[in-house]
Amino acid sequence: PLGTGIITTAHKRETVTEDDFQPALHSMQRLNRRASEVLVQAGAAVHAVTDITGFGILGHSWEMAAQSKTGMRFDFAHLPLLPGIFHYIEEGCTTGGARRNETYLTPHVTITRQLSAIEREILWDPQTSGGLLAAIDPALWPSLQLLAPDVTFWQIGMVTEKVADEAHVRLEVA
């Protein structure tokens, strides 16, 4: 789930509750090994994979899309979020890394859904030991959970059109 940068900032400020900190800690301690093994097992149906860390969900998505010369569309409502995340954003527990991510990525991102400033903060939040982002053939999606019932997968968006060059790569949040 997204929000480790925000939760760890709240932890440094000693404002995070134990009920909110423990899921973040568990998320950061979980290794990506099992998910990675499942994606390797899936073979050619997996087109690209990256881990989500300091550049946040959109930063790592941008790198993947730019290298592939494709666009990507994310459904904000499907992004997995840590509990209490909006509360800590409201308290100002945001990071300098989020500001740098936002500054760098804004020219490449279109937000078509009406999002509050608090919701937008999630998009730029740098993650600590985040999960994997995988671009897969849509036909693989139904079988992923069957391949590894012990791994949680979220379908958060899709790869969109192929473009001529990196300058035309766009990320969309709907």
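Everything numeric in this text was worked out from a predicted model, so none of it was measured. (Residues numbered from 1 in each chain as written. Predicted model: local features only at pLDDT ≥ 70, side-chain atom pairs only at ≥ 80, totals over all residues. Heavy atoms only, no water.)

A.B. asks: Explain helix 4 (residues 56-68) to me, using residue names and the numbers behind them.
C.D. replies: Taking 1.5 Å of rise per residue, the 13 residues of helix 4 would be expected to cover 18 Å, and the 18 Å separating its terminal C-alpha atoms lies within 8% of that figure. Within helix 4, 10 of the 13 residues are buried, which leaves the element mostly enclosed by the surrounding structure. For helix 4, the full list of buried residues reads Gly-56, Ile-57, Leu-58, Gly-59, His-60, Ser-61, Trp-62, Met-64, Ala-65 and Ala-66. Count one or two residues on from helix 4 and you reach Lys-69, which has phi positive near 55°. (Helix = DSSP H or I, 4+ residues; strand = E, 2+ residues; numbered from the N terminus. Expected span 1.5 Å × (residues − 1). Buried < 20%, exposed > 50% of the residue type's maximum accessible area, 1.4 Å probe, protein only.)

A.B. asks: Before we move on, could you go through the sheet that holds strand 6 (residues 171-173) and cite the residues and values that matter?
C.D. replies: Taken in spatial order, the four strands make up an open sheet running 3-6-2-5, and their pairing is mixed. Either end of the sheet is taken by a strand with one partner, and the two such strands are strand 3 (109-111) and strand 5 (157-162). Here the average twist between neighbouring strands, direction ignored, is 20°. Pairing between strand 3 and strand 6: three bridges, direction parallel. Opposite Thr-110, over in strand 6, you have Glu-172 as the bridge partner. (Pairing = 2+ DSSP bridges. Axes fitted to C-alpha atoms, helices over the stretch in contact; angles between N-to-C directions.)

A.B. asks: Would you mind going over the side chain of Gln-127 in detail, with residue names and values included?
C.D. replies: With respect to the secondary-structure elements, Gln-127 resides in the loop between helix 7 (117-124) and strand 4 (132-136). Accessibility expressed as a relative area gives 5% for Gln-127, which makes it buried. Polar contacts involving the side chain of Gln-127 include one to the side chain of Asp-125, which spans 2.8 Å. Those residues in contact with Gln-127, other than ones at most four positions away along the chain, are Pro-1, Leu-2, Gly-3, Thr-4, Gly-5, Ile-52, Thr-53 and Gly-54. (Polar contact = N/O pair within 3.5 Å; in protein donor to acceptor, adjacent residues only side chain to side chain. Contact = heavy atoms within 4.5 Å.)

A.B. asks: Tell me what's going on with the pairing of strand 2 (residues 70-74), and back it up with residues and numbers.
C.D. replies: Extensive coverage of strand 2 is indicated by the burial of four of its five residues. Where strand 2 meets strand 5, four bridges bridge the pair, whose relative direction is antiparallel. When the sheet's bridge partners are listed, Arg-73 is paired in strand 5 with Met-158. Bridge count between strand 2 and strand 6: three bridges; the pairing is parallel. Pairing of Arg-73 across the sheet is with Glu-172, part of strand 6.

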